[in-house]
Amino acid sequence: IMPERIYFGMMKYERVILIDLLVGGDTVRLFAVHLQTSGIAQLRHRFRKDYDRDAPVEQILGELEHNSSIRAGQVGEIRAEMDASPYPVILAGDFNESNMSSEMMVKLKEKWEIISTSSNTFMNTATPKRIDYIVLYKGNKAACEVLGTAVPSYDEINVNKVSDHLPVLVDIKK
């Protein structure tokens, strides 16, 4: 079945791709997302380039708060698509959020069950974080059993050459 892309504003990386998958005779709608980044790396780079110093703490905190609010709005934008789905819905991807009590995560957990591991998925900073998730929508017939979940390590593959995120796996049974 043909996938569909939805872009948030003009950013080419913040988007959602949805696809209907036929799994054992049942259709499942998968939403793969990349939500707004924290914006901190870009802010710090801009300050180092323009002012030859790091960004002030107040601006960093403001950027974090602003971008967290954008992520919450992005989740709201795709909620109507998910509510209207005639199929069970799974949402997976880079949520760019590690704070489980943020506005976005609080709203998300109202209608979603996090089924992926709590292991760190982003190792490209001094403090590794969990920012990638697989969640199951509670709003339709998406009941399933989680058989296992992992963030695998690959000794034979340098995952950092492929992505700055580690893969997140969930084995489910309907």
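Going by the structure above, here's the rest.
Residues numbered from 1 in each chain as written. Predicted model: local features only at pLDDT ≥ 70, side-chain atom pairs only at ≥ 80, totals over all residues. Heavy atoms only, no water.

Enquirer: I'd like to hear about the environment of Asp26, residue by residue, with values.
Expert: Looking at the element boundaries, Asp26 is found in strand β3 (residues 26-34). Accessibility expressed as a relative area gives 33% for Asp26, which makes it partly exposed. Placed 62 residues apart in sequence, Asp26 and Pro88 show a C-alpha to C-alpha distance of 9.2 Å. In this structure, Asp26 is in contact with Leu21 and Lys174, ignoring residues within four places of it in sequence. (Helix = DSSP H or I, 4+ residues; strand = E, 2+ residues; numbered from the N terminus. Buried < 20%, exposed > 50% of the residue type's maximum accessible area, 1.4 Å probe, protein only. Contact = heavy atoms within 4.5 Å.)

Enquirer: I'd like a rundown of the side chain of Arg29, residues and numbers included.
Expert: Tracing the backbone shows Arg29 in strand β3. Of the polar contacts made by the side chain of Arg29, one reaches the side chain of Asp20; its length is 2.5 Å. When near neighbours in sequence (up to four residues on either side) are disregarded, Arg29 contacts Leu18, Ile19, Asp20, Ser85, Pro86, Tyr87, Pro88, Val89 and Ile90. (Polar contact = N/O pair within 3.5 Å; in protein donor to acceptor, adjacent residues only side chain to side chain.)

Enquirer: Run through helix α2 (residues 57-83), naming residues and quoting values.
Expert: Over its 27 residues, α2 runs 39 Å from end to end, which matches the ideal 39 Å to within 8%, given 1.5 Å per residue. Of all the bends in α2, the greatest measures close to 25° and is centred on Glu77. Here α2 has its buried residues at Ile60, Asn67, Ser68, Arg71, Ala72, Gln74, Val75, Ile78 and Met82. (Expected span 1.5 Å × (residues − 1). Bend = angle between axes of the 7 residues up to and from the residue.)

Enquirer: I'd love a proper account of the packing of helix α1 (residues 40-51) against α2, names of residues and values included.
Expert: Put simply, α1 and α2 touch, their axes get as near as 10 Å, and they point 145° apart. Crossing hand, α1 versus α2: right-handed. Counting all contacts with α1, which are made through Ile40, Leu43 and Phe47, the residues of α2 involved are Gln59, Ile60, Glu63 and Leu64. For the contact of α1 with α2, the residue count by class is five nonpolar, one polar and one charged. (Axes fitted to C-alpha atoms, helices over the stretch in contact; angles between N-to-C directions. Left-handed = near helix turned anticlockwise from the far one by under 90°. Nonpolar A, V, L, I, M, F, W, Y, C, P; charged D, E, K, R; others polar.)

Enquirer: A description of the pairing of strand β2 (residues 15-23) should follow, citing residues and the corresponding values.
Expert: Relative to β3, β2 runs antiparallel, the two sharing nine bridges. Looking across to β3, one finds that Val16 is bridged to Val33. Linking β2 back to β3 in an antiparallel pair, the connection comprises two residues, with Gly24 at a positive phi of about 55°. (Pairing = 2+ DSSP bridges.)

Enquirer: I'd love a proper account of the nonpolar core, names of residues and values included.
Expert: Counting residues in each nonpolar core, the largest one holds 19 residues, and the members touching the most others are Leu91, Phe95, Leu108 and Trp112. Mapped by element, the contributors of at least two residues to this core are β2, β3, α2, β4 (89-94), α3 (103-111) and β6 (132-137). If one sorts the elements of this core by residue count, α2 sits on top with four residues. Not counting residues within four places of it along the chain, the set of residues in contact with Leu91 comprises Phe31, Val33, Ile78, Met82, Leu108, Trp112, Tyr133, Ile134 and Val135. (Core = buried A, V, L, I, M, F, W, Y, C linked by side-chain atoms within 4.5 Å.)

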